[in-house]
Amino acid sequence: MSPRCWLAAYLSAVIALTFVHQPSLLAALLVLALACSGNARWRLLRRAVKAVLAFNLSVSLGYTLVAFWQERFSGAYLLVVNLRVLALVFLGFWFVSRVNLLQALAFSRTLSFLAALAVGQVAAFSRIVRDFRLAFTSRNSAAASMADRARHASAQAGHLLDKSICSATETAMAMRSRGAFDD
């Protein structure tokens, strides 16, 4: 199947999943996606669970608190939201592992350009995160305290924010110089 067909199938699956509101059907679709993903299923599922864990926990906790306060808690709704997010993220990881996104977006010059910019940014930020992690490990021979890890994480977050602002500014200036914002 061509990358463009995979992209169409992925987008169709994402849209279809947003219309499913039954937890049993969502769970069945997630199991079907797991079965179809082959040998990479557990690695992709582990990555998906890690990716959505903080988000789902915070949203679920917030919903639970507000719903109990308003006396409108629905466990079925909470299950639907969490299953849908996990299924969507799993499908996203599966799609990216099977398809070259730049080839899938080759039909549109603008989308290809945006995808290339995004891939470049992800690579740059991944390198920065790896460098920060290695630097932190090399500077701490013993296990670091929670306060040290928090300071390191805040320094890393600050650097990533500064880097993203500088990179966005440079990209905008480069695009403006090439006439991207002209009417």
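Residues numbered from 1 in each chain as written. Predicted model: local features only at pLDDT ≥ 70, side-chain atom pairs only at ≥ 80, totals over all residues. Heavy atoms only, no water.

A. Seen up close, the packing of helix α1 (residues 3-18) against helix α4 (residues 75-98). At a minimum axis separation of 10 Å, α1 and α4 run at an interaxial angle of 180 degrees. Between α1 and α4, the angle falls in the class roughly antiparallel. For the pair α1 and α4, contact is made by Trp6, Leu7, Tyr10, Ala13, Val14, Leu17 and Thr18 and by Arg84, Ala87, Leu88, Leu91, Gly92, Phe95 and Arg98, respectively. Here the contact of α1 with α4 is built from residues that sort into ten nonpolar, two polar and two charged. (Axes fitted to C-alpha atoms, helices over the stretch in contact; angles between N-to-C directions. Helix = DSSP H or I, 4+ residues; strand = E, 2+ residues; numbered from the N terminus. Parallel < 35°, antiparallel > 145°, perpendicular 65-115°, else oblique. Contact = heavy atoms within 4.5 Å. Nonpolar A, V, L, I, M, F, W, Y, C, P; charged D, E, K, R; others polar.)

B. Focus on the packing of helix α2 (residues 23-36) against α4. At their nearest, the axes of α2 and α4 sit 9 Å apart, and the two run at 20 degrees to each other. With respect to α4, the element α2 is oriented roughly parallel. Between α2 and α4 lies a crossing whose hand is left-handed. Here α2 contributes Pro23, Leu26, Ala27, Leu30, Ala33, Leu34 and Cys36 to the contact with α4, which in turn contributes Ala76, Leu79, Val80, Leu83, Arg84, Leu86, Ala87, Phe90, Leu91 and Trp94. (Left-handed = near helix turned anticlockwise from the far one by under 90°.)

C. Inspection of the pattern of salt bridges at higher detail. Here the structure, examined in full by the defined rule, presents three salt bridges. A salt bridge links arginine 130 to aspartate 131; its shortest N-O distance comes to 3.9 Å. Judged by its relative accessible area of 40%, arginine 130 falls in the partly exposed class. Ionic pairing is found between aspartate 148 and arginine 151, a salt bridge with its closest N-O pair at 2.3 Å. (Salt bridge = Lys/Arg side-chain N within 4 Å of Asp/Glu carboxyl O. Buried < 20%, exposed > 50% of the residue type's maximum accessible area, 1.4 Å probe, protein only.)

D. Highlighting the environment of tryptophan 69. The residue tryptophan 69 is located in helix α3 (residues 41-69) in this model. A relative accessible area of 69% means that tryptophan 69 is categorised as exposed. Each C-alpha atom of the pair tryptophan 69 and alanine 123 lies 43 Å from the other, and the pair is 54 residues apart in sequence.

E. Main features of the nonpolar core. Among the nonpolar cores identified, the biggest contains 20 residues, and Leu26, Leu30, Leu44, Leu86 and Phe90 are the most heavily contacted of them. Mapped by element, the contributors of at least two residues to this core are α2, α3 and α4. The element best represented in this core is α4, accounting for nine residues. Those residues in contact with leucine 30 that lie beyond four places of it in its chain are Leu83, Leu86, Ala87 and Phe90. (Core = buried A, V, L, I, M, F, W, Y, C linked by side-chain atoms within 4.5 Å.)

F. Main features of the packing of aromatic side chains. Following the criterion strictly, the structure yields four aromatic pairs and no others. Measuring from ring centre to ring centre gives 4.8 Å for tyrosine 10 and phenylalanine 95, while their planes differ by 15 degrees; the resulting arrangement is stacked. Placement of tyrosine 10 in helix α1 and of phenylalanine 95 in helix α4 is noted, with a sequence separation of 85 residues between them. Judged by relative accessible area, which is 22%, tyrosine 10 ranks as partly exposed. Arranged with centres 5.1 Å apart and planes meeting at 55 degrees, the rings of tyrosine 63 and tyrosine 77 form a pair that is tilted. (Phe/Tyr/Trp six-rings, centres within 6.5 Å; stacked < 30°, edge-to-face > 60°.)

G. Region of interest: the environment of alanine 51. Note on placement: alanine 51 falls in helix α3. Overall, alanine 51 belongs to the partly exposed group, its relative accessible area being 45%. Separated by 35 residues in sequence, alanine 51 and leucine 86 place their C-alpha atoms 9.0 Å apart. Setting aside residues no more than four positions away along its own chain, alanine 51 makes contact with Val89 and Phe93.

H. Spatial organisation of unusual backbone geometry. You will see that glutamate 71, though not glycine, has its phi angle at about 55 degrees, which is positive. With respect to the secondary-structure elements, glutamate 71 resides in the loop between α3 and α4. Of the residues examined, glutamate 71 reaches a relative accessible area of 72% and is grouped as exposed.

Function cannot be read off these values alone, since they describe shape.
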